[in-house]
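Observations on chain architecture
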Amino acid sequence: MSSLLLLPGDGIGPEVTAEVRRVAERLTNDLVIEERPFGGASYDAYGTPLTDETLAAAKASDAVLKGPIGGPKWDGATQRHLRPEAGLLALRAGMEVFANLRPAICFESLADASTLKREVIEGVDMMIVRELTGGVYFGQPRGIEAMPDGGRRGVDTQVYTTHEIERVARVAFELARGRRNKVTSAEKSNVMETGLLWREVVTELHARDYADVTLEHMLADNTAMQLVRAPRQFDVIVTDNLFGDILSDEAAQLTGSLGMLPSASLGAPGKPGLFEPIHGSAPDIAGRGWANPLSTILSFEMALRWSLGRPDLADRLSGAVKAALDGGARTRDLGGSMSTTEMADAVLAGL
Ligand code: NAD
Ligand code: IPM
Ligand code: MN
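Residues numbered from 1 in each chain as written. Chains lettered and ligands numbered in written order. Predicted model: local features only at pLDDT ≥ 70, side-chain atom pairs only at ≥ 80, totals over all residues. Heavy atoms only, no water.

1. Observations regarding the domain arrangement of the protein chain
Once the domains are mapped, the protein chain shows domain 1 (1-98 + 267-351) and domain 2 (101-256). For domain 1 and domain 2, the distance between their C-alpha centroids amounts to 23 Å. Contact with domain 1, which involves 17 residues of that partner, is made by 22 residues of domain 2. Summing the contributions of domain 1 and of domain 2, the shared interface buries around 1,700 Å²; its carbon and sulfur component is 72%. Three residues stand out in domain 1 for area buried against domain 2, namely Arg92, Phe98 and Ile278, and they jointly supply 40% of the buried area on that side. Seen at the junction of domain 1 and domain 2, the total is zero salt bridges. Applying the counting criterion to the domain 1 and domain 2 interface returns three residue pairs in polar contact (both at pLDDT 80 or more). Within the residue set of the side of domain 1 that touches domain 2, elements represented by two or more residues are α5 (84-95), α11 (294-306) and α12 (311-326). With four residues, α12 is the single largest residue contributor to the side of domain 1 that touches domain 2. (Domains from an automatic or database assignment. Contact = heavy atoms within 4.5 Å. Buried area = accessible area lost by both parts, 1.4 Å probe. Salt bridge = Lys/Arg side-chain N within 4 Å of Asp/Glu carboxyl O. Polar contact = N/O pair within 3.5 Å; in protein donor to acceptor, adjacent residues only side chain to side chain. Helix = DSSP H or I, 4+ residues; strand = E, 2+ residues; numbered from the N terminus.)

Rendered as structure tokens:
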């Protein structure tokens, strides 16, 4: 028996995670699923987005599957450290999941669903490895302070250590060996000290342990442009927390929709992974049953593969997703009219 902690989250979160529960129950009897409020839902229930009990349950489980969190309800009024997003950062830090894998794959049958041309995105298959527990998301000092002249000053700190860079780069090189053997490291070494250190550490690690892998350094702004110009050039992209956040949303559109992109956040071997779609709580469509559940279903697929030791079930599930798409299943974000539940039904039919 394995254990899965399910954190439905906010907005469309409960809608898409409910479908994962159906999928999981169809696939296996060997999974114990526990559910807890997280994010805004946890703030409303307990006054904090992440309780000590939920973090302890996350660490004690075999895998955590999380829906998106946040929304306008908690944006203005709530103090920053009590906002849903702060709970998510605390969960990632608490679980020590420093490597965030965000695969962007253009399914053949979806090549016309993107706003980008078919000939550009056809065959796209890349893995963005985003550093997840460091950088400007966590650097100190940070805050907004009053200045003597009556103005205010906002401060964020971008900081990386050699250890943080090396361990995430190692994940990228290892992944590349099982794929097309190429790593693109994206930073801003032309203007940032952390960018320069990033480039040096990745270069050294490559020479020492991964000389068989092709390594390319690319400035992050150029990477953003290359992603829409010629995305097939990328195999594995390794980058920092903030650039990874931005570049992965951009890469999502290469797959047809933000509603398609799953992620896996991994730490030390043997520790539970955190699995979540990369998109947000989509307040504009929450409650209508329009959300695409595939990013969350595919996040569960990654949980089966990376944390639950069931690559066989993961293969069955990704096959069923592909079959549903080949059969024409489309939610609104993909240009169709199916509801969240109908899309999940199409996947269940393939199982
Ligand atoms: P968003 O990702 O929620 O939405 C951007 C656009 O994509 C919207 O038009 C939305 O309808 C659409 N979209 C997103 N997921 C979809 C899906 N599964 N199916 C169909 N359409 C989908 O981004 P936002 O509006 O900038 O952020 C809303 C809230 O979500 C914010 O509070 C933000 O902090 C939070 N957020 C949370 C996470 C997370 O929990 N990991 C990630 C990103 C944003
Ligand atoms: C993501 C989100 C989060 C991030 C927010 C909600 C904290 O945008 O998972 O991509 O910036 O990491
Ligand atoms: Mn994001």
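2. Observations concerning the layout of surface pockets
Computed from the structure, the largest pocket encloses a volume of approximately 710 Å³. The wall of the largest pocket is formed by 27 residues, among which Glu85, Leu88, Leu89, Arg92 and Tyr137 lie closest to the centre. Taken together, the elements giving at least two residues each to the lining of the largest pocket come down to α5 and α10 (241-252). Of the residues forming the lining of the largest pocket, the biggest block, six residues, is contributed by α5. By residue class, the composition of the lining of the largest pocket is twelve nonpolar, three polar and twelve charged. Looking at which domains feed residues into the lining of the largest pocket, each of domain 1 (1-98 + 267-351) and domain 2 (101-256) gives three or more. (1 Å grid on protein atoms, 1.4 Å probe; cavity = no way out; pocket = protein on both sides within 12 Å on 5 of 7 lines; lining within 4 Å. Points joined across faces, edges and corners; volume = space filled by probe spheres on them. Nonpolar A, V, L, I, M, F, W, Y, C, P; charged D, E, K, R; others polar.)

3. Some words on the site of ligand 2
Taken together, Glu85, Arg92, Arg102, Arg130, Tyr137, Asp245 and Ile278 form the complete shell of residues around ligand 2. Contact between ligand 2 and arginine 102: an oxygen atom at 3.0 Å from a side-chain N or O atom of the residue. Aspartate 245 is positioned with one of its side-chain polar atoms (N or O) 2.9 Å from an oxygen atom of ligand 2. Across the complex, the protein chains shield 78% of the 320 Å² of accessible surface that ligand 2 would expose by itself. The cavity that encloses ligand 2 is the largest pocket. Its residues placed into classes, the shell around ligand 2 shows two nonpolar, no polar and five charged. When we break the shell around ligand 2 down by domain, the ones giving at least three residues each are domain 1 (1-98 + 267-351) and domain 2 (101-256). (Near = heavy atom within 4 Å. Areas by Shrake-Rupley, 256 points an atom, 1.4 Å probe, with all protein chains shown as cover. Sits in = over half its atoms within 2 Å of the grid points.)

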